[in-house]
Amino acid sequence: MKKGKVMIIGAVGSGKSTLTKKLLNDDKPAVKTQALNYAGWIIDTPGEYSENPMYYRSLMATSLEAKVLLVIQDATRENSIFPPNFSQGFPLKPIGVITKIDHPLANVERARILLQQSIPNAPVILTSSVTSDGIKDLIKNIQKHL
Ligand SMILES: Nc1nc2c(ncn2[C@@H]2O[C@H](COP(=O)(O)OP(=O)(O)OP(=O)(O)O)[C@@H](O)[C@H]2O)c(=O)[nH]1
Ligand SMILES: [Mg+2]
């Protein structure tokens, strides 16, 4: 896949970098993301960029060459950091991704409802970077839009 075609956004600590490495078959553990990171066909972003609307323009500018937007919802989180209908502002195909479904505190149905509020009508894929559940399914879904 071509460089920078998929941008990944979501809260601080929601599992974006861990998932990015998983998708790229990189076994090294993720470290805290400090800046935009072009990792192969994925643009990994710092969670702070998603949590502060001041960064939305910058995210949007960065996403101009990308085709797919992975919107991450951590299954262990009780809330969403994105406003309702958030993805309407992005000229990209949104795919909702629920992370950490292996976690004892995961609540998948809550996460699904939160994603549907931010990105209505987008597909939602359940994943765990620990067990690799959903990873192949996610790759298939991404490839449909590239
Ligand atoms: N149980 C479980 N933990 C996970 C999973 N994915 C990530 N984590 C953990 O969640 C924490 C944060 O992961 P990161 O991938 O660094 O999160 P991030 O979204 O890149 O965070 P920022 O770079 O700060 O925006 C780490 O301790 C990971 O080990 C998962 O699928 N299951
Ligand atoms: Mg990160």
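Everything that follows concerns the structure shown earlier in this document.
Residues numbered from 1 in each chain as written. Chains lettered and ligands numbered in written order. Predicted model: local features only at pLDDT ≥ 70, side-chain atom pairs only at ≥ 80, totals over all residues. Heavy atoms only, no water.

Asks: Kindly report on the overall build of the protein, identifying the contributing residues and their values.
Replies: Along the backbone of the protein there are five helices and six strands. Its helices and strands in sequence order give the protein the pattern β-α-β-β-α-α-β-β-α-β-α, from N to C terminus. Along the first, second and third principal axes, the C-alpha atoms of the protein reach 35 × 35 × 30 Å. Across the 146 residues in the protein, those meeting the buried criterion constitute 44%. A sequence separation of at least 24 residues applies to 73% of the contacts in the protein between residues at least 6 apart. Accessible surface, the protein: about 7600 Å² in total, of which carbon and sulfur atoms supply 51%. Side-chain charges of the protein comprise 18 positive and 12 negative groups, with the mean position of each set lying 7 Å from the other. (Helix = DSSP H or I, 4+ residues; strand = E, 2+ residues; numbered from the N terminus. Buried < 20%, exposed > 50% of the residue type's maximum accessible area, 1.4 Å probe, protein only. Contact = heavy atoms within 4.5 Å. Areas by Shrake-Rupley, 256 points an atom, 1.4 Å probe, with all protein chains shown as cover. Lys, Arg positive; Asp, Glu negative; His and termini not counted. Charge placed at Lys NZ, Arg CZ, Asp CG, Glu CD.)

Asks: Run through the nonpolar core, naming residues and quoting values.
Replies: Grouped together as the largest cluster of nonpolar side chains are 19 residues, with contacts concentrated most on Met7, Ile9, Leu69, Val71 and Phe90. Of all the secondary-structure elements, those providing two or more residues to this core are strand 1 (6–9), helix 3 (56–62), strand 4 (68–74) and helix 4 (108–118). For Val71, the residues in contact, after removing those within four places along its chain, are Ile9, Phe82, Ile95, Gly96, Val97, Leu115 and Ile119. Counting 15 residues, the second largest nonpolar core, distinct from the first, contains Ile8, Leu19, Ile125 and Ile142. (Core = buried A, V, L, I, M, F, W, Y, C linked by side-chain atoms within 4.5 Å.)

Asks: So what's going on with the sheet that holds strand 4? Residues and values would help.
Replies: Read across the sheet, six strands follow the order 2-3-1-4-5-6 without closing on themselves; strand pairing throughout is mixed. Whereas interior strands pair on both sides, the edge strands pair on one side only; in this sheet they are strand 2 (37–39) and strand 6 (124–126). For this sheet the average axis-to-axis angle between neighbouring strands, irrespective of direction, equals 25 degrees. Inspection of the sheet shows strand 2 paired to strand 3 (residues 42–44) by three bridges, in the antiparallel sense. (Pairing = 2+ DSSP bridges. Axes fitted to C-alpha atoms, helices over the stretch in contact; angles between N-to-C directions.)

Any link to function would need more than the numbers given here.
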